[in-house]
Amino acid sequence: MRKLLDRRVPQIVGAYLATSWVLLEFTDWAVGQYALSPALTNFVVATLLLLLPTVVVLAWRHGALGEDGWTRTDAVVSGLNVVVAAGVLMLSFGNQELGAAATVQLLEDDAGNTVERVIPKAAFRRDIIVWDFDNESGDPDLDWLRSGLWTGLVSDLSQDLFVTPVVVIPEDPRLYQPLTEAGFDLPYDVPLALKRQLSEARGVGHFLAGELSARDGDTLVVATRLYETRNAREVAARTYRGTDPLEIVDRMSIDVRRDLGIPEWQIEESVDLPAAEILTDSPEAFRAFSGYRVARYQNQLAEAREAAAAATEIDPGFATAHGASASAALLLGDQAAARDGIAEALRLAYRLPERSRLLLQMLDQMLFRMDPAGALQTGSYWAELYPQDPQARQLLAVTYGMQGNADGQISQYRALLALDSTDVQSLQAIAGAFAGKREYDSALVYYAQLADLQPTDTQTRLDIAATQTSLLQFDEARETLEDARVAAPGDPEVRNRLARLDMRLGDYERAGRQIEEMSALARTPQERGLIAGVVETYFDNLGQYAGLRAAYDRRLEAIAEYMPPIAAVQAILNSEALTYSADWGREAFALRQIDSLRASVEEPWSLMPAVPAVQIHLDRGDVGSASESLAALRRLNEAFGEAPGRTARIRWVEARIAHLEDGDCQRALASYQQARELLPQSSLYRGWLASCQTSLEQFDEAGDEVAWLLERFPGSAKVRLVAARLYAAEGRTSDAIAEVETALGYWSEADPEYRPAREARALLEELQSAG
């Protein structure tokens, strides 16, 4: 001790520790003052402790009074200590962000104003699955709190930019479907092992489990446990007592954020309204609203709407309940109630978490204000503000899709995959977007990733087969579909695809067998609707109206069982019984059906029936009615944003109107060409363009279109008829006769009144008499 004192080791080390303490206090102050990484404090502590051996050694060797010099030993010891310290710091902090925890950015908000917002860096953002609470108190009167506490905690956590709560809902198949398959109709009493497994599948870093463990008079006892997903390590366990569930939620929210490692300065300084302020201060309204979660989870939309409506009756200022009621009303097809509910929720936007407000505003702009540009502005602001929130990206992708902007969709799905590379829905969507752009190699890359993630998934095989079909790899597509049939013998969708491939190639006998087999597999309304759809196509291709009409009726009935009116209208509009009704002279029936569909929804959805209506009017030569339907198509395009598919339809209708007005297609040609360019995969637009070019004796150009059609649709009698007319005009009588006979072979049992078959027989007689 005397030697230590003589060499002033305690004094020097003490001074070092005192200086270190001052430096540590300064660092801690700087972290809070300048929003720096909390890990910076740990880094400074570790650095100071790791360098302590050098301080001790140097104090021992040079602390005594008198002159001494720097030696090789001093250099070696100090250098070795620095190297070891650097290595330990690299291993401990190499993957940690030590700078600012957030960045200040200038963003254009949903109203178009430039605002300054603090955006957390990726290293400090946390996602968490909050599982519904379990009731272990033995008191069934507390069952409502299982979802009540869940609703409160998710809403409270969503106020924090640093936290993304992930919820178990039917729209998320990676959580909902495995739970349902495991026998859990509701997300209660789920074993810890399954919670961890599903949280890992969802790619979430943490999950929270909780239960009502007891009730002591009016006092509730709630326990929570926060787990790290990758190893199920319990990060924190806490117990709360109180009489007010939402007050308990407020305390839980603060503790969850702290346990997740959210910086203390963020917890202290960020906006954190009490749960009662962003939900309701009425216990009765809160209890009534808890029923919404249960009913919505079970897809009981009417009951969900009733629960939300009951809550708003008790507390008219319950903004979240107004939004929930609007969501259920929209899914039930009550557009007026949905519009009013969203408007009321947005009027009370000050009582909504920012994410909820942006969601409702975006839906309002997309669905009711017909402002796609505004929806994109809102969604982009939401995505920039909450970079880890997938819902913003998902809705942006939907908005881009409504506008036919495949590149916009792809950019959003890429952002989603950057958040979670195992996101099956995003992988499927981005592959489909690439296929829609005819970038099939890129589509197959993503389908291969899907196949690796879920080797037994039937849908992935069906998507691969569809891509192979687009690449004209018909044999490979059939092989893929046959593999899928073996793997999923009870799935009618596989036989649907096989039947459609057979029809495309002209093997209607085999297609009929496929349809017969798949009909025996139908169990649900969705499957009955699927089968009725392919049967419609089958009888339309054969020119047989009775079978087509019966299939249409079955399909309409099946769709009504499980689709809300908006979705039902969109699903049935492609029906051949409507679109091609003029081929049998059944326009009156089809137009009555279209009027009924139009009356079931409001604008802009009520404009959609103009798609089949305009074709009926054109096919019967009614230019006036076709022009009225054209105006509706233009309004529809304005409502949802100009999309290539909708714009192509408008150009095609303009061409046909010009064709009918002039009696020839000279003026119509440019519009036919524009429709083909906008939607080059459409056999309808290419067929009309080829017919127009044939009538104008542009035989080379018409030949290119016919060659394209025959290569892709060799089993279409209508395509064969287009080819026959071209060959006849060119004087290639034998080729024309061959094509007509092929078409009539497909139409051998067509109805006598079926116009395309009558035209084919007339052309054959003309060719034979000329020959």
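Predicted, not measured: the structure shown is a model, and the values here were computed from it. (Residues numbered from 1 in each chain as written. Predicted model: local features only at pLDDT ≥ 70, side-chain atom pairs only at ≥ 80, totals over all residues. Heavy atoms only, no water.)

J.: I'm lost on the nonpolar core in this one. Help?
T.: Generally speaking, a soluble globular protein has its nonpolar side chains buried in company with each other. Of all hydrophobic cores here, the largest spans 163 residues; its most connected members are Met252 and Trp747. In terms of residue count, the dominant contributor to this core is helix H37 (residues 717-729) (8 residues). Met252 has contacts with Phe133, Leu149, Leu153, Val222, Thr224 and Tyr240, leaving out every residue within four places of it along the chain. If you look at the next biggest cluster of nonpolar residues, it comprises 16 residues, including Ile410, Phe434, Tyr447 and Leu450. (Core = buried A, V, L, I, M, F, W, Y, C linked by side-chain atoms within 4.5 Å. Buried < 20%, exposed > 50% of the residue type's maximum accessible area, 1.4 Å probe, protein only. Helix = DSSP H or I, 4+ residues; strand = E, 2+ residues; numbered from the N terminus. Contact = heavy atoms within 4.5 Å.)

J.: Honestly, the side chain of Thr229 in this entry has me stumped. Any pointers?
T.: Along the chain, Thr229 falls in the loop between strand E7 (219-228) and strand E8 (233-242). The class for Thr229 is buried, based on a relative accessible area of 3%. A polar side-chain atom of Thr229 sits 3.3 Å from the main-chain amide nitrogen of His206. With near-sequence residues (within four places) excluded, Thr229 lies in contact with Arg196, Ser199, Glu200, Val204, Gly205, His206 and Phe207. (Polar contact = N/O pair within 3.5 Å; in protein donor to acceptor, adjacent residues only side chain to side chain.)

J.: Looking at this structure, I do not really get the packing of helix H22 (residues 458-470) against helix H23 (residues 474-487). What am I missing?
T.: The relative placement of two packed helices comes down to the angle between their axes together with the axis-to-axis distance. Where H22 meets H23, the axes come as close as 8 Å, and the angle between the chain directions of the two elements is 165°. Regarding the angle of H22 to H23, the classification is roughly antiparallel. In terms of crossing hand, the pair formed by H22 and H23 is left-handed. Judged by residue contacts, Thr458, Arg461, Leu462, Ile464, Ala465, Gln468 and Thr469 of H22 engage Phe474, Glu476, Ala477, Thr480, Leu481, Asp483, Ala484 and Ala487 from H23. Looking at the contact of H22 with H23 residue by residue, the classes come out as 8 nonpolar, 4 polar and 3 charged. (Axes fitted to C-alpha atoms, helices over the stretch in contact; angles between N-to-C directions. Parallel < 35°, antiparallel > 145°, perpendicular 65-115°, else oblique. Left-handed = near helix turned anticlockwise from the far one by under 90°. Nonpolar A, V, L, I, M, F, W, Y, C, P; charged D, E, K, R; others polar.)

J.: Help me understand helix H21 (residues 440-453), please; the structure alone is not making it clear to me.
T.: An α-helix turns once every 3.6 residues. As a result, residues three or four positions apart point the same way. Across its 14 residues, H21 extends 20 Å between first and last C-alpha, which sits within 8% of the 20 Å expected from 1.5 Å per residue. All of the buried residues in H21 are Tyr440, Ala443, Tyr446, Tyr447 and Leu450. Each buried residue of H21 sits inside an arc of 125° when the element is viewed along its axis, so together they form one side. In H21, those exposed residues whose orientation departs by more than 90 degrees from the buried face are Asp441 and Asp452. Along its buried surface, H21 packs onto helix H19 (406-419), helix H20 (424-436) and H22. (Expected span 1.5 Å × (residues − 1). Arc of directions from axis to C-beta.)

J.: Sorry, what's going on with the pairing of strand E6 (residues 206-216) here?
T.: Along any regular strand, the residues point their side chains to alternate faces of the sheet. Where strand E3 (residues 126-130) meets E6, 3 bridges bridge the pair, whose relative direction is parallel. Its bridge partner being in E6, Ile129 is matched across the sheet by Phe207. Two strands pair when backbone bridges link them, and E6 and E7 are joined in this way by 10 bridges, in the antiparallel orientation. Looking at the pairing, Leu212 lines up with Val222 of E7. In this structure, the hairpin formed by E6 and E7 is closed by a connection of 2 residues, where Gly217 is found at a positive phi of approximately 65°. (Pairing = 2+ DSSP bridges.)

J.: Honestly, H20 in this entry has me stumped. Any pointers?
T.: Its 13 residues give H20 an end-to-end C-alpha distance of 18 Å, which sits within 8% of 18 Å, the value for a rise of 1.5 Å per residue. Here H20 starts with a cap whose side-chain oxygen sits 3.3 Å from the backbone nitrogen of Gln425, and that cap is Asp423. Of the residues flanking the end of H20, it is Arg438, one or two places downstream, whose phi is positive at about 65°.

J.: Sorry, what's going on with the packing of aromatic side chains here?
T.: Aromatic rings considered in pairs are described by the distance between their centres and by the relative angle of their planes. Under the definition given, this model contains 17 aromatic pairs. Both rings, one in Tyr508 and one in Tyr538, keep their centres 6.4 Å apart while their planes meet at 50°; by these two values the pair is tilted. Of this pair, Tyr508 sits in helix H25 (residues 508-519) while Tyr538 sits in helix H26 (residues 525-542), placing them 30 residues apart in sequence. For Tyr538, a relative accessible area of 16% puts it in the buried group. The ring of Trp150 carries Arg293 above its face, with NZ or CZ at 3.7 Å from the centroid. (Phe/Tyr/Trp six-rings, centres within 6.5 Å; stacked < 30°, edge-to-face > 60°. Lys NZ or Arg CZ within 6 Å of the ring centre and 35° of its normal.)

J.: Sorry, what's going on with unusual backbone geometry here?
T.: Across the junction of Glu603 and Pro604, the peptide omega takes the value 5°, indicating a cis bond. Checked against the element boundaries, Pro604 lands in the loop between helix H30 (587-599) and helix H31 (610-619). One non-glycine residue, Asp189, lies in the positive phi region at around 55°. With respect to the element layout, Asp189 can be found in the loop between helix H7 (173-181) and helix H8 (192-201). Overall, the relative accessible area of 47% leaves Asp189 in the partly exposed class. Positive phi outside glycine occurs at Met370, with the angle close to 55°. On the secondary structure map, Met370 appears in the loop between helix H16 (354-367) and helix H17 (372-385). With relative accessibility at 30%, the residue Met370 sits in the partly exposed group.

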